[in-house]
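# A look at the structure
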Amino acid sequence: MFARLVYESFRRQTRRKLLAAIAITLGVGVATAMLAVATGIGDKISRELRTYGANILITPQDDTLDLQIGGVDLKPPSDGAYLNESDLPKIKGMFWRNNIVGFSPMLPVNVNAGSQQITLLGTYFAKSLTFGKEQFTTGVTKTHPWWKVQGAWPNDDSNDVLLGEKLATSLYKHPGQQIEINGTSRSISGVLSTGGAEDNQIVAPLHIAQAITGKPGAVRRIYVSAVTKPEDAFARRDPRSLNPADYDRWYCSPYAASIAFQLQEAIPHSHAEQIRQVAQNEGVVLSRIEGLMLLITLAALFASALAVSAAMAAAILERRVEVGLMKALGARKASVAALFFAESALLAVIGGLLGFAGGALLAHQIGQSIFASQITIQPVLLPIILGIAVLVTFAGSAVAIRRAVNLDPALTLRGEA
Amino acid sequence: MSVAMRRANAPHTSMFLRMLVRAANLRRGRVITALIAIMVAAAVATAMLNLYVDVQAKLRKEFRNYGANIVVAGKDGQALPADALATVRSILGARGLAVPFAYVIAQDKNGRSVVVAGTDFTQVAALDRWWSVTSWPQQPNDALLGTRALSAITPESQPFDLIFHDRTIHVNPAGILHTGATEDSRIYISLSDFTNWTGVAPIVIEVAASGNSNEISSVMRELTKALPDAEVRPIRQVMEGEANVLGKTRSTLYVASALIILTASLCVLATLIGWVFDRRADFAVMKALGASEPTIAAFFATEVAILGAVGAILGFAVGIAVASWIGRVNFHAPVTPRFVIFPAVFAGSIAVALIAAVVPITLLRRVQPAIILRGE
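Residues numbered from 1 in each chain as written. Chains lettered and ligands numbered in written order. Predicted model: local features only at pLDDT ≥ 70, side-chain atom pairs only at ≥ 80, totals over all residues.

### A closer look at the overall build of chain B
The test is simple: A run of H or I in DSSP counts as a helix once it spans at least four residues, and a run of E counts as a strand once it spans at least two, with each numbered from the N terminus. Three classes are used. A residue is buried when 20 or more other C-beta atoms lie within 10 Å of its own, exposed when 12 or fewer do, and partly exposed in between, with C-beta atoms placed from the backbone. By the convention adopted here, residues make contact when the C-beta atoms placed from their backbones lie within 7 Å.
Tallying secondary structure elements over chain B gives 13 helices and 10 strands in all. C-alpha atoms of chain B, sized along the principal axes, occupy 110 × 45 × 40 Å. When burial is assessed residue by residue, chain B has 41% of its 376 residues classed as buried. For chain B, the proportion of contacts with a sequence separation of at least 24, taken over those separated by at least 6, is 84%.

### A word on the overall build of chain A
The following threshold applies: Our radius of gyration looks at C-alpha atoms and nothing else; its globule reference is 2.2 Å times the residue count to the power 0.38.
Tallying secondary structure elements over chain A gives 12 helices and 16 strands in all. Against the globule reference of 22 Å for 417 residues, chain A gives a C-alpha radius of gyration of 32 Å, more extended than a compact globule. Counting only C-alpha atoms and orienting by the principal axes, one finds that chain A spans roughly 105 × 55 × 35 Å. Taken across its 417 residues, chain A has 47% of its residues classed as buried.

### Topic: the domain arrangement of chain A
The accessible area lost on association of the parts is a frequent measure of interface size. Rules: Just so you know, the domain bounds were taken from an automatic or database domain assignment.
Partitioning chain A into domains gives domain 1 (2-46 + 285-413) and domain 2 (55-274). A C-alpha centroid distance of 54 Å is found between domain 1 of chain A and domain 2 of chain A.

### Structural notes on the domain arrangement of chain B
One can read the domain layout of chain B as domain 1 (14-62 + 245-373) and domain 2 (69-234). Look at where the C-alpha atoms of domain 1 of chain B and domain 2 of chain B centre, and you get two points 57 Å apart.

### What about the packing of helix α11 (residues 293-331) of chain B against helix α12 (residues 342-365) of chain B?
All names here are of chain B. Keep this limit in mind: Comment: axis = line fitted to C-alpha atoms, over the contacting stretch for helices; angle = value between 0 and 180 degrees taken between N-to-C directions. Definitions for this section: a left-handed crossing has its near helix turned counterclockwise from the far helix by less than a right angle. A right-handed crossing has that turn clockwise. Under the scheme applied here, ten amino acids are nonpolar (Ala, Val, Leu, Ile, Met, Phe, Trp, Tyr, Cys and Pro), four are charged (Asp, Glu, Lys and Arg), and all others, including Gly, are polar.
Relative orientation of the contacting elements α11 and α12 amounts to 150°, with a least axis distance of 8 Å. Between α11 and α12 lies a crossing of right-handed hand. Contacts between α11 and α12 involve Glu293, Ala297, Phe300, Ala301, Val304, Ala305, Leu307, Gly308, Ala309, Gly311, Ala312 and Phe316 on the former and, on the latter, Phe342, Val345, Phe346, Ser349, Ile350, Val352, Ala353, Leu354, Ala356, Ala357, Ile361 and Arg365. Looking at side-chain class alone, the contact of α11 with α12 contains 19 nonpolar, three polar and two charged residues.

### What about the pairing of strand β7 (residues 167-178) of chain B?
Residues and elements named next belong to chain B. Formally: A strand pair is defined by DSSP finding two or more bridges across the two strands.
The pairing of strand β4 (residues 132-133) with β7 spans two bridges and is classified as antiparallel. Within β7, the position partnered with serine 132 by the bridge is histidine 178. Bridging between strand β5 (residues 142-146) and β7 involves five bridges; their strand directions are parallel. Bridge pairing in β7 links alanine 143 to proline 173. Following strand β6 (residues 160-164), the chain reverses through two residues before pairing antiparallel with β7; histidine 165 in that reversal takes a positive phi of roughly 50°.

### Considerations on α11(B)
Which entries qualify depends on this criterion: In this analysis, the expected span of each helix is defined as 1.5 Å times one less than the number of residues it contains.
With 39 residues, α11(B) should cover 57 Å at 1.5 Å per step; its first-to-last C-alpha distance of 54 Å lies within 8% of that length. A positive phi of about 55° marks His332(B), the residue just after α11(B).

### Here we look at the pairing of strand β6 (residues 116-123) of chain A
All names here are of chain A. Alignment of strand β5 (residues 100-113) against β6, held across eight bridges, turns out to be antiparallel. By the bridge assignment for β6, alanine 113 is matched with glutamine 116. The hairpin turn running from β5 into β6, its antiparallel successor, is two residues long, and glycine 114 in that turn takes a positive phi close to 55°. Two strands pair when backbone bridges link them, and β6 and strand β13 (residues 202-205) are joined in this way by four bridges, in the parallel orientation. Within β13, the residue paired with glycine 122 across the bridge is alanine 204.

### Concerning the interface of chain B and chain A
Contacts between chain B and chain A engage 60 residues on the former and 58 residues on the latter. Elements represented by at least two residues in the side of chain B that touches chain A include exactly α3 (28-63), β2 (96-107), β3 (113-119), α6 (147-153), β10 (230-234), α9 (236-278) and α11 of chain B. Per element, the largest residue contribution to the side of chain B that touches chain A is 24 residues, and it comes from α9(B). Partitioning the side of chain B that touches chain A into residue classes produces 34 nonpolar, 19 polar and seven charged.

### A look at helix α8 (residues 276-317) of chain A
The end-to-end C-alpha distance of α8(A) is 61 Å, a good match for the 62 Å that 42 residues give at a rise of 1.5 Å each. Across the 42 residues that make up α8(A), a large majority, 33, are buried.

### Digging into the confidence of the model for chain B
Residues and elements named next belong to chain B. This is how it is decided: pLDDT gives the predictor's per-residue confidence on a scale running from 0 to 100.
Put simply, chain B has an average pLDDT of 84, and 94% of its residues get 70 or more. Element-level pLDDT for chain B is lowest in helix α1 (residues 3-9), with a mean of 63, against a maximum mean of 93 in strand β8 (residues 186-190). On the interface metric, ipTM, the complex scores 0.77, and its pTM is 0.77.

### Brief notes about the environment of Arg186(A)
Residues and elements named next belong to chain A. By the secondary structure assignment, arginine 186 is in strand β12 (residues 184-193). Judged by local crowding, arginine 186 falls into the buried class, with 21 C-beta atoms found within 10 Å. C-alpha separation for the pair arginine 186 and valine 161, spaced 25 residues apart in sequence, amounts to 6.9 Å. If near-sequence neighbours (up to four positions away) are discounted, arginine 186 is found in contact with Asn159, Asp160, Val161, Gln178, Ile179 and Ile181.

### Notes on the confidence of the model for chain A
Model confidence for chain A is summarised by a mean pLDDT of 85, while 99% of its residues fall at 70 or above. Mean pLDDT values over the elements of chain A span from 75, in helix α1 (residues 2-12) of chain A, up to 94, in β13(A).

### With respect to the environment of Ile41(A)
Along the chain, Ile41(A) turns up in helix α2 (residues 14-49). Note: C-alpha distance between Ile41(A) and Gly367(A) (326 residues apart in sequence) is 9.2 Å. Beyond its immediate chain neighbours, meaning those up to four positions away, Ile41(A) contacts Ile289(A), Glu290(A), Met293(A) and Thr252(B).

### Some points on unusual backbone geometry
Even without being glycine, His269(A) reaches a positive phi, approximately 50°. Not every positive phi belongs to a glycine, and Asp166(B) is a case in point at roughly 70°. Along the chain, Asp166(B) turns up in the loop between β6 and β7.

### Considering the packing of α8(A) against α11(B)
What describes two packed helices is the angle between their axes and the distance between those same axes. Closest axis-to-axis distance for the α8(A)/α11(B) pair is 9 Å, and the angle between their directions is 145°. Crossing geometry of α8(A) relative to α11(B) is assigned as right-handed. Note on element contacts: α11(B) touches α8(A) through Ile326(B), Asn330(B) and Phe331(B), opposite Arg288(A), Gly291(A), Leu292(A) and Leu295(A). The class makeup of the residues in the contact of α8(A) with α11(B) is four nonpolar, two polar and one charged.

Here it is in structure tokens:
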């Protein structure tokens, strides 16, 4: 009998049910989409922040002091220590390898070109490397995304070079022409603009710089761009002072400091450190945006809950006559309330499922159009969202149901209440 | 004067007014429910719009923690003109910070080379906030040592000599600097000590200009014009990163605001439709007593419009409070109230309220008053 009442109510009052169902669907949809965006935004913004370039710098462990002014390296090549190029692919073998967006080795040398002393910077552009079975590309195109080339990037195995923008202007050189470097003629594949010291330098594939220094396999420093988690109090603790359980937790969190620590383990005789300008500020910006999205998600949940409650209240109060009739026929308050709650629950589940699907689609759209990448919804969210939907629907209906069952049947049937 | 006479002489509109007031007074409970719905919706809309407008400025301030976004340097490695710093500061005014840097390569007494920089410590502390410094130098001849410079030159933090072109300066290590980049290999001393010792003028002024990209480019244009001998260039890394993240955040916030305002309007719509439907008996009585349909429609429309207006005003106040609370919690600075959004919220509330009234009224118009009054 109870089931039939619910069934008939849905069959005969499709229009009224439809309004409430639309409200629930929309509310749940917005809540789902916002939850998905809020949980995914940290990762998305973190990847956007990689525009700032490398956040970890690896240098040789026993290096002498850097002599760098305004991005120009003044250290003689005979001075200081070097890292070994053949250790580089090991970066992709470490625990947080999937968080490494890219890395670029750097080897600056002084050369004679066009009758003047110029710095030539050897690096990877988009070098293809293999570690185990995994193949990946890395280089300045990944770690220094603000570098722009007019012409073409040189191939990493070629003998072509890039000329800094200002150097090209002062030497009257264009892409496609030749330049004499230490007596050897190289072709210029493009003109590089960075807004920094490289505008006055020659940037070449790493092997050219190594050949000029006479140190095959040598690298001065490595810039690593990694997706990290904002630093908190725990991240700043010294790993040596942690107990084993805390140490594991620290080691397995993608903090800039713990990734740097693992890089240092991966590359022999190295010293890896977070570049504080990038790493520290990234954390601040990230936590601000995450906090903002969290508060906005709360606002969205609140607005959805209100919309659902309002729709349910309106739908129930419309049915006062029905309640009066049921009560006049001898139904107890409890059974009338049970009927309404059952209907609400059914509506909440249907609306919740539809809303979840719609919200997932919406989140996907937001991810595609704003971040050009996927925002995935955890399936774990479904039962949680459904639970919240049922709860909110109940809460929204409760007041209206209470008022409806407390009305005098005689008055409602005469249309006076 | 009798009541009847007073009423007869009163202007015709007063009946309309009295009906409005009475209707609100008699069903106080439902009026308050509807008003709360509108108020909450208006508050949420106000808070979202206010945040949307203000969040950019807030985030830009956070991005200034990345330090300088413009570099002023001498052309082709030349020193800057002596008055360059004063010129830059007068152009900037309160729009940003300008910090001079001078560099030389000096030797310690063992002949080890080290980069020594002269700068303005109070300004650097404000510009490069990521510098982790144990204590900033206060006295003359105090130096700030990068961690690597410290361990290479004076591991026990003893005072030491620096030699540049046969001129010697005796400095005390006052603090340790850690940045994770090239600064760790340098020694920083105050600019006055530096010029007294070396006679070398600053070669770079790092500028952190605040504001949006248009304001920053106008600062750059002014600097280029005022300093024809210097080269003014943006730090692309910082500018592009900022534009990128701000743009994405703005779009996300835009979508979120639209969705939230939509749901809030839906809530108002549902409540008001229920409210007007509830009053179908009033509608029928009026119609039975001979009121014309436009009069009845005007009556209901005025009623919901007033609700919308009152709700919008209350909601605006609450929304401003919520926005400033979010500002304090998340950005540690209050969000400035933007009164320009008030007309939008006000008009929006009334529009939603009127839409909510139109649906039930058009439905009721088709029904005979007798049927409604019989309770069917």
